[in-house]
Number of protein chains: 2
Amino acid sequence: MAPSMKEHEADVVIVGAGLAGLSAADALSRHGKSVVVLEARDRVGGRTLGREIGGRVLDLGGQWLGAGQKRLARLAAELEVSTFPTYHSGEKILVRDGRISTYAGTIPSLPVPGLVALHLALRKLDALAARLPEGRPLAAAEALAWDDQTLETATQVLISRADVRELFDAAVRVVFGAEPREISMLYFLAYLRAGGGLMRLVEIEGGAQERRFVGSAQELSIRLAARLGGAVVLSAPARRIEQDTRGVVVTADGVSVRARYAIVAVPPALAGRIEYRPLLPVVRDQLSQRMPMGSTVKCIALYDRPFWREAGLSGEAVTSTGPMSVVFDNGSHDGAVHSLLGFVVGQKARVFSERPAEERRAVVLGSLARMFGERALRPVEYVEHDWSTEEWTRGCPVGVMGPGVMTGVGRVLREPAGRIHWAGTETATEWTGYMEGALQSGERAASEVGARLEGAGRRE
Amino acid sequence: MAPSMKEHEADVVIVGAGLAGLSAADALSRHGKSVVVLEARDRVGGRTLGREIGGRVLDLGGQWLGAGQKRLARLAAELEVSTFPTYHSGEKILVRDGRISTYAGTIPSLPVPGLVALHLALRKLDALAARLPEGRPLAAAEALAWDDQTLETATQVLISRADVRELFDAAVRVVFGAEPREISMLYFLAYLRAGGGLMRLVEIEGGAQERRFVGSAQELSIRLAARLGGAVVLSAPARRIEQDTRGVVVTADGVSVRARYAIVAVPPALAGRIEYRPLLPVVRDQLSQRMPMGSTVKCIALYDRPFWREAGLSGEAVTSTGPMSVVFDNGSHDGAVHSLLGFVVGQKARVFSERPAEERRAVVLGSLARMFGERALRPVEYVEHDWSTEEWTRGCPVGVMGPGVMTGVGRVLREPAGRIHWAGTETATEWTGYMEGALQSGERAASEVGARLEGAGRRE
């Protein structure tokens, strides 16, 4: 151990100061347990990140409070982080093969047979998802058959029209940051089940994008961390976790923590890069090799006026043309900043990432201009955030399972490895992949560890 | 840097002393370049490993010299490692639903319609594989369509008979250490193409299992390393690779190496766990998250007599009953050690790994006994090797791509990241996944780096 190493002791050491890790730490702390949270970055918040742009803090990461996300709403209220409705008044835009149409309501402007097909496909998928026992997708009778298939081939018959397919694919890319061919049908259905259905995942009103946070979603983590005080150690990437019958030692850059239990609250793809002594069980290690992060780039353009709103447009768009898959209005809560937010996701993100910055900006603005008019070419500011370039996330929004993974090794996703418990939105059974899921996973992990600490206390 | 850190300088630093890394080092060294090879383990040989069992060295890892594997044969001759034919005289065994039958030749004892179906399926798959341009599977017209599908669903119609399916699945599991549902149809076909067809991959005579090495396949790496002398540093896991316009620095436990170029000769799943400065390009990092290692446990039973040979059996068996998928005779070259070798692979390996050692031994021996008779229950020695428990391999025989990976990020598999070049059998275009592939990858990487060193020399 290097001479400058700081040493801490606590009941529980938590790896990762995103919402999962911080909420677990907060829950344990409120029950009188001592905690230390080790965070690799020089900031808290994980996949949420606020940055001041144009005089207001906007979100470069996760940013929405969805309908029915009760933990997230409660936490925001408790921490006095205000929320406001996502702007969605006016007509929406659909771009197919470069042709632009507008529509009102939730149903895109497809020809009638396309609308019928879309409606039927969504109903069918939600009905299939509903067959999964709540929180236990592996217990479904069809689990293995669904896990044999990619989402692409599983929906080939169900979604055979090209127009419906494009809409569906765009929705899938945004939700997972991955292509339908990369995703297991079983994992997809489990994800729908956890989030309340596909329409709910993609909608604003009544859906996952219903409200936003004043001052960014990261504010929740910042305030949770403030409450935990000195217990959160920044710039301390966990490198090694040792455990024996008495406890765990987590060694990070410059600091080590000895504790009774550990909660690893980072995605499996990152958890697998930590060194474990003894090694993790085989199946857990295999899982950590099999849940890659999706690809998401957020592109934010600021304008001097909300010209789309003035033209009766909501700012919402779905497109199969150009780098982005969806666009949202992204103005600040107080109307001071006017902004459009585009998502470059899945395979398009991987191609996009490799282009020079100037070219990326030009294609995004060009695409916005085709949808919203020439004024989109002249933003007062343009900001991008590519989550795949972040060493301590390696992709967004979520870790994804391909075929065979869930039935093969998914059973250990939440299974403690000795004294190591697992949190993070990937391990959630409600709203997997969302901030709400992160909170649910933190709650569960804190409760698991809390029970073991109490049990041990009684025995001693 | 810790005070005890040893520092080296070389033209090229190589990470991984398996056959890929050592053969690259050897080639560069013979061309007058200085090399240092950093190996995480306290031994060389990577996925090959000899251990003295019953007075002879047997292989716990890769062990066969296949027909047509010209680099491997040449290397063995050059290093004076003798080879001998894999024993395969006598009848083979097929076990289906617990029913045992024997057969001669290469065609299992299926009912005639099953034989016809098997023959047609193999011909069809080899014909599809032949459509891939050599060494450039992504250039195939059907690449994307094949990458949409799992091998499971892609072959559902082609291989619809349960008896043929069981044989096929057993073959796939042994070749990849993975289930057909985990493997992209495109990756499977590319693998067949690189190895010369499915029959060639699974056969002994004329196939990938044709000959064995006296004293284990690891002997090749041991002798290559001896030739490299002090250039191979053991117990030195590479933790960080930094590069700038002048060169690279690889920092391992206790040692760092400054060099002009680096060759990382470990599987992508392991390469991704190294820290890079600057970070790897996004697509390369995504690839390292998307090529998990298969699951293989080798089970070796030693007997006082080769009772199966005496009963006219070759020792070869394919089974869908019990933990193993295939069995081979594994006697030593000189007839001194009599042995059967069983493979527990794919999903069965993941379940097997979690059982207690006593139970594992009992089910393997019980399974051998049903095939070869009661005498199989009484080995003089029983040895297992589970490659998924090895921190510096994390599974065997090979890294596997699920759907969407090859077309999504596979294009950077062999693309240098600045001064970092990639080797390892996963990057081979001939005999991917085999020792021959490791050698081909080492040859290619050495040649790439050699050309850059020469080019730089001319410019200076």
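Residues numbered from 1 in each chain as written. Chains lettered and ligands numbered in written order. Predicted model: local features only at pLDDT ≥ 70, side-chain atom pairs only at ≥ 80, totals over all residues. Heavy atoms only, no water.

The name an unreviewed UniProt entry assigns to chain A is FAD-dependent oxidoreductase, from the organism Polyangium spumosum. The record held by UniProt for chain A lists under Cofactor (unreviewed entry) the comment "FAD". (UniProt positions renumbered as here; feature names shortened; annotations may be inferred.)

**Q** Would you mind going over the overall build of chain A with me for this structure?
**A** Broken down by element type, chain A carries 16 helices and 20 strands. Its C-alpha radius of gyration of 22 Å places chain A within 12% of the 23 Å reference for a compact globule of 460 residues. Once the C-alpha set of chain A is aligned to its principal axes, its extents read approximately 70 × 50 × 40 Å. Among the 460 residues that make up chain A, the fraction classed as buried is 64%. Of the contacts made within chain A by residues no fewer than 6 positions apart, 73% connect residues no fewer than 24 positions apart. Summing over all exposed atoms, chain A offers an accessible surface of approximately 16,500 Å²; the carbon and sulfur share of this is 52%. (Helix = DSSP H or I, 4+ residues; strand = E, 2+ residues; numbered from the N terminus. Rg over C-alpha atoms; globule rule 2.2 N^0.38 Å. Buried < 20%, exposed > 50% of the residue type's maximum accessible area, 1.4 Å probe, protein only. Contact = heavy atoms within 4.5 Å. Areas by Shrake-Rupley, 256 points an atom, 1.4 Å probe, with all protein chains shown as cover.)

**Q** Whenever I open this one, empty space enclosed by the protein confuses me. Can you help?
**A** One water molecule sets the probe size; rolling that probe over the atoms shows where empty space is left. For the structure shown, the criterion picks out five cavities of 30 Å³ or more. Size it by volume and the largest cavity reaches roughly 280 Å³. Lining the largest cavity we find 21 residues, and of these Pro292, Gly402 and Val405 of chain A together with Gly402 and Val405 of chain B sit closest to its centre. Of the residues belonging to the lining of the largest cavity, the class tally is 12 nonpolar, five polar and four charged. Computed from the structure, the second largest cavity encloses a volume of approximately 120 Å³. Lining the second largest cavity are 13 residues, and of these Arg273, Ser288 and Gln289 of chain A together with Arg273 and Ser288 of chain B sit closest to its centre. For the lining of the second largest cavity, the per-class residue count stands at four nonpolar, six polar and three charged. (1 Å grid on protein atoms, 1.4 Å probe; cavity = no way out; pocket = protein on both sides within 12 Å on 5 of 7 lines; lining within 4 Å. Points joined across faces, edges and corners; volume = space filled by probe spheres on them. Nonpolar A, V, L, I, M, F, W, Y, C, P; charged D, E, K, R; others polar.)

**Q** What is the right way to read the UniProt feature "binding site: substrate" (unreviewed entry) in chain A from this model?
**A** All names here are of chain A. According to UniProt, the feature "binding site: substrate" (unreviewed entry) maps to Phe343 in the numbering used here. Position of Phe343 among the secondary structure elements: in strand 18 (residues 338-345). By relative accessible area, Phe343 is classed as buried at 8%. Those residues in contact with Phe343, other than ones at most four positions away along the chain, are Trp64, Thr296, Val297, Lys298, Pro323, Met324, Ser325, Val326 and Phe328.

**Q** Is there a simple way to explain the pattern of salt bridges in this structure?
**A** Once their charged atoms are close, side chains differing in charge can pair, the charge on each being opposite to the other. This model, assessed by the stated rule, comprises 78 salt bridges over all chains. Between Arg277 of chain B and Glu391 of chain A there is a salt bridge, and its shortest N-O distance comes to 2.9 Å. Remark: Glu391 of chain A occurs in the loop between strand 19 (381-386) and helix 15 (405-409) and Arg277 of chain B occurs in strand 14 (residues 275-277); the pair is interchain, linking two chains. Under the relative-accessibility criterion, Arg277 of chain B is labelled partly exposed at 29%. (Salt bridge = Lys/Arg side-chain N within 4 Å of Asp/Glu carboxyl O.)

**Q** Sorry if this is basic, but what is going on with helix 3 (residues 112-130) of chain B here?
**A** One full turn of an α-helix is made of 3.6 residues, so residues set three or four places apart face in the same direction. All names here are of chain B. If you check helix 3, its first and last C-alpha atoms are 27 Å apart, about what 19 residues at 1.5 Å a residue would give, namely 27 Å. Along helix 3, the residues that are buried comprise Gly114, Ala117, Leu118, Ala121, Leu122, Leu125, Leu128 and Ala129. Down the axis of helix 3, the smallest arc covering the buried residues is 130 degrees, so these residues share one side. Relative to its buried face, helix 3 has exposed residues pointing more than 90 degrees away, namely Val112 and Arg123. (Expected span 1.5 Å × (residues − 1). Arc of directions from axis to C-beta.)

**Q** Where do I start with the pairing of strand 8 (residues 99-103) of chain A in this structure?
**A** For a regular strand, the rule is simple: side chains alternate between the two faces of the sheet. Residue and element names in this part refer to chain A. Across five bridges, the pairing between strand 7 (residues 91-96) and strand 8 is antiparallel. Counterpart to Lys92 in the pairing with strand 8 is Tyr103. The hairpin formed by strand 7 and strand 8 contains two residues between the paired strands, and Asp97 there has a positive phi angle of roughly 50 degrees. (Pairing = 2+ DSSP bridges.)

**Q** How should I be thinking about the nonpolar core in this particular structure?
**A** One recurring pattern in soluble globular proteins is that nonpolar side chains are buried together. Counting 67 residues, the largest nonpolar core has Phe176, Ile183, Tyr187, Phe188 and Leu189 of chain B as the members making the most contacts within it. Ranked by the residues each element gives to this core, the list is headed by helix 7 (residues 185-195) of chain B, at eight residues. Those residues in contact with Phe188 of chain B that sit more than four places away from it in its chain are Leu125, Leu151, Phe168, Val172, Phe176, Ile183 and Leu198 of chain B. Counting 66 residues, the second-largest nonpolar core is a separate cluster that includes Leu49, Val345, Met401 and Val412 of chain A. (Core = buried A, V, L, I, M, F, W, Y, C linked by side-chain atoms within 4.5 Å.)

**Q** Please explain the packing of helix 3 of chain B against helix 7 of chain B as it appears in this structure.
**A** Between two packed helices, the angle of one axis relative to the other and the distance separating the axes together describe the packing. Residue and element names in this part refer to chain B. Contact pair helix 3 / helix 7: the axes reach a minimum separation of 8 Å and the direction vectors enclose 90 degrees. Accordingly, the angle class assigned to the pair helix 3 and helix 7 is roughly perpendicular. Counted together, Leu125, Asp126, Leu128, Ala129 and Ala130 of helix 3 and Met185, Phe188, Leu189, Leu192 and Arg193 of helix 7 form the full contact between these two elements. (Axes fitted to C-alpha atoms, helices over the stretch in contact; angles between N-to-C directions. Parallel < 35°, antiparallel > 145°, perpendicular 65-115°, else oblique.)

**Q** Looking at this structure, I do not really get unusual backbone geometry. What am I missing?
**A** The omega torsion across Cys396 of chain A and Pro397 of chain A is 0 degrees, close enough to zero to call that bond cis. Residue position: Pro397 of chain A is located in the loop between strand 19 and helix 15. The omega angle of the peptide bond from Arg277 of chain B to Pro278 of chain B is -5 degrees, so this bond is cis rather than trans. Topologically, Pro278 of chain B is positioned in the loop between strand 14 and helix 11 (282-288). Positive phi, close to 55 degrees, is recorded for Glu80 of chain A, a residue that is not glycine. Inspection of the secondary structure assignment puts Glu80 of chain A in the loop between helix 2 (70-78) and strand 6 (83-85). Of note, Trp431 of chain B is a non-glycine position whose phi angle comes to about 50 degrees, a positive value. Accessibility expressed as a relative area gives 4% for Trp431 of chain B, which makes it buried.

**Q** Just to check I follow, could you spell out the relation of the copies chain B and chain A for this structure?
**A** Between the two copies of the chain lies a relationship made up of a rotation around an axis and a movement along it. Turning chain B through 180 degrees and shifting it by 0.0 Å along the axis lays it on chain A, with an RMSD of 0.0 Å. The relationship between the two copies is best expressed as a two-fold rotation axis. The position closest to the rotation axis in chain B is occupied by the C-alpha of Arg273 of chain B, lying 2.6 Å away. Most of the interface of chain B is mirrored in chain A: 100% of its interface residues are interface residues there too. (Least-squares fit on C-alpha atoms with pLDDT ≥ 70 in both.)

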